[in-house]
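Residues per chain are reported as follows:
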Amino acid sequence: MDKTVNQKAWLLVLPVFLVVAFSAVLPLMTVVNYSMQDTFGNNQFFWNGVAWFKELLDPSTDLGGRFLASLGRNLLFSAVILAIEVPLGIVVALSMPRQGWSVAACLVILALPLLIPWNVVGTIWQIFGRPDIGLLGYVLHALGLNYNYVSNDLDAWATVIVMDVWHWTSLVALLCYAGLKSIPDAYYQAAQIDGASRWAVFTAIQLPKMNRVLLIAVLLRFMDSFMIYTEPFVVTGGGPGNSTTFVSIELVKIALGQFDLGKAAALSLVYNLIIIIVCWVFYTVMTNAGVERRVKKGVA
Amino acid sequence: MHSIPGRRLILGLFLVFLLLPIYWLVNMSFKTNNEIVTSMTLWPHDPTIANYALIFTERSWYSGYINSLKYVVLNTVISISVALPAAYAFSRYRFLGDKHLFFWLLSNRMAPAAVYALPFFNLYSAIGLFDTPWAVALAHCIFNVPLAVWILEGFVSGVPREIDETAFLDGYSFPRFFAKILVPLIASGIGVAAFFCFMFSWVELLLARTLTSVDAKPISAVMTRTVSAAGMDWGLLAAAGVLTIIPGALVIWFVRNYIARGFALGRV
């Protein structure tokens, strides 16, 4: 189905453009403005050029050190949760019941964590992991483990990661389930006639069919974990020390805690730039996948 | 669908893993603070609804829920009404800069809220909307409008183009076609998009907290009040948490068959 060229379509898009521009472009211009200036209070600003950006990318300065350290932590965090959530999500999707009332029940339970306000997610795990009043902390202590997410770096990391797995694996599972459901039964019948093994069915039929949704899942999870703020902030407050301070937490500390507007703005721009680059890769890969599909259909 | 060995066990364990922390919160919300702090009980031995009673009777508590619902509903209405025509345009026409615009929208869906917290604070203070539901509703548009456009575009593309053409031949004007034919045809899509706008506005805290102070304070910000000089009021905190889960759990039932499609931005 080819689209017709019609410039009047801009009239239909205009409301969206205005609303999003109001919320996105205006604030972003403020950020750009701040990023080039310094202030000594009293609303007096001085031109500062690109000094903040230089400082930001130089690990020997305070700002640069903090930014690069939080960036490293954030990338590690994203890598770990992707490595756990994607395979687990696929396994859960493959384990879903085929039909009946249990499908609806499973879908609702799976979606439940996704609908809980993020600070409540933090609260739930903050309580759950406490040795005195939380089930998890209590059981771990009863087993003789000295688990304490407030004072031990590793325990804090484990808690934040388990919390994210709890919170978001369902998203991957739901997407994969939708991908699996779109596979016609004929594919499986053909595989059965050919005597294909369970593994062969997975690699030759199910995985290729899930490609597209998996791509969306991986990128949504990467983006959202890369800008995670509320959940770890509620549970650990970025600590112990700075061990769970991710980029967003560092940014809010600088912007709203210290009111260092110039530094915060420079950090925001670099942060946004990373996001936009990843986004662009996502968009290109996805639209290319769409084109490939259309080409294949045309050949068939 | 071919299943894997031991699937019941895997799925069962995973669902228990999902439900256990939620159960613990519900469990705690029916306990007295004395029971929470002094003993480890798997269910409330001395059940009480005092925590819930307090939330429903004290104005500062229940007004938090009302404030949250206000901006969530406002945001959903704004997002859907501006996104509908745009989704139609993206689905049916090519126009100058359409791909760039679509990408720009996507990049805003992904923008970190932390970047916008401070500029939004300045912007909405300057135009006098600070501490009103409008500030939060408009701020949340930055990620909900792109999301709504993406989801609705997927659904509009599922409507055959012949229907538009027949309607125009029959003498329908564009607004009438839109209201009488297109909207009823993609009603389920609108439902899904509204659900996702509702959800993402409901779960967001950083912007909602930054843009309000007293009059429009959302429930998630009110919840921090449970820390007092006398220590944490765990039972009250748990009860407030449980009450924030309920709206999501209610609406999810209506869209259960479309959840996955919506999360895939309408593109499965």
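Since this is a predicted model, take the numbers as computed values, not measurements.

So, how was this worked out
- Residues numbered from 1 in each chain as written.
- Chains lettered and ligands numbered in written order.
- Predicted model: local features only at pLDDT ≥ 70, side-chain atom pairs only at ≥ 80, totals over all residues.
- Domains from an automatic or database assignment.
- Contact = placed C-beta atoms within 7 Å.
- Helix = DSSP H or I, 4+ residues; strand = E, 2+ residues; numbered from the N terminus.
- Nonpolar A, V, L, I, M, F, W, Y, C, P; charged D, E, K, R; others polar.
- Axes fitted to C-alpha atoms, helices over the stretch in contact; angles between N-to-C directions.
- Parallel < 35°, antiparallel > 145°, perpendicular 65-115°, else oblique.
- Pairing = 2+ DSSP bridges.
- Core = buried A, V, L, I, M, F, W, Y, C linked by C-beta atoms within 7 Å.
- Buried ≥ 20, exposed ≤ 12 C-beta atoms within 10 Å, placed from the backbone.
- pLDDT = per-residue confidence, 0-100.

Undergrad: Could you clarify how one ought to interpret the domain arrangement of chain B in this entry?
TA: As a measure of interface size, the accessible area lost when the parts come together is often cited. Residue and element names in this part refer to chain B. When the domains of chain B are assigned, the result is domain 1 (1–48) and domain 2 (59–263). The centre of domain 1, based on its C-alpha atoms, is set 31 Å off from the matching centre of domain 2. Between domain 1 and domain 2, the residue contacts involve 8 residues of the former and 7 residues of the latter. Contributing elements (two or more residues each) for the side of domain 1 that touches domain 2: helix 1 (7–29) and helix 2 (33–38). Top element by residues in the side of domain 1 that touches domain 2 is helix 1. It accounts for 4 residues. Across the side of domain 1 that touches domain 2, the residue classes break down as 4 nonpolar, 3 polar and 1 charged.

Undergrad: What should I look at first to understand the packing of helix 1 (residues 9–35) of chain A against helix 6 (residues 113–126) of chain B in this one?
TA: When two helices pack together, their arrangement is given by the angle between the helix axes and by the axis-to-axis distance. Interhelical geometry of helix 1 of chain A versus helix 6 of chain B gives an angle of 105 degrees and a closest axis separation of 9 Å. If you check the angle between helix 1 of chain A and helix 6 of chain B, you find them roughly perpendicular. Across the interface between the two elements, Leu 26, Pro 27, Thr 30 and Val 31 of chain A of helix 1 of chain A pack against Val 115, Tyr 116, Pro 119, Phe 120, Asn 122 and Leu 123 of chain B of helix 6 of chain B.

Undergrad: I keep staring at the interface of chain B and chain A and nothing clicks. Help me out?
TA: Each partner contributes residues to the interface: chain B has 82 residues there, and chain A has 80 residues. In terms of residue count, the dominant contributor to the side of chain B that touches chain A is helix 1 of chain B (13 residues). Across the side of chain B that touches chain A, the residue classes tally to 67 nonpolar, 9 polar and 6 charged. Note: strand 1 (residues 4–5) of chain A against strand 1 (residues 93–94) of chain B, 2 bridges, orientation parallel.

Undergrad: Hey, could you run me through unusual backbone geometry in this one?
TA: Note: most residues except glycine have negative phi, and most peptide bonds are trans. At Asp 131 of chain B, a residue that is not glycine, the phi angle is positive and equals roughly 65 degrees. Looking at the element boundaries, Asp 131 of chain B is found in the loop between helix 6 and helix 7 (133–157).

Undergrad: In this structure, what is going on with the environment of Glu 85 of chain A? I would like to understand it.
TA: Residues and elements named next belong to chain A. Relative to the helices and strands, Glu 85 is located in helix 3 (residues 62–95). Separated by 44 residues in the primary sequence, Glu 85 and Gly 129 place their C-alpha atoms 20 Å from one another. Once residues lying within four places of it in the same chain are set aside, the contact partners of Glu 85 are Val 165, Trp 168, Thr 169, Val 172 and Arg 221.

Undergrad: Can you help me understand the nonpolar core in this one?
TA: For soluble globular proteins, nonpolar side chains are generally found buried alongside one another. Of all hydrophobic cores here, the largest spans 164 residues; its most connected members are Ala 83 and Val 149 of chain B. In terms of residues, this core owes the most to one element, helix 7 of chain B, which gives 18 residues. Three or more residues apiece are contributed to this core by two domains, here domain 1 (1–48) and domain 2 (59–263) of chain B. The contact partners of Val 149 of chain B, leaving out residues within four places of it in the chain, are Val 16 of chain A together with Ala 83, Ala 86, Ala 87, Phe 90 and Leu 105 of chain B.

Undergrad: I would appreciate a short explanation of the environment of Ile 219 of chain B in the present structure.
TA: For Ile 219 of chain B, the location among the structural elements is in helix 12 (residues 219–222). Discounting chain neighbours no more than four positions away, the residues touching Ile 219 of chain B are Gly 64, Tyr 65, Ser 68, Ala 240 and Thr 244 of chain B.

Undergrad: Can you walk me through the confidence of the model for chain B in this structure?
TA: Low-confidence regions, as indicated by low pLDDT, have predicted coordinates that should not be scrutinised in detail. Averaged over all residues, the pLDDT of chain B equals 85, while 92% of them reach at least 70. Per the prediction output, this complex has pTM 0.86; the corresponding ipTM is 0.84.

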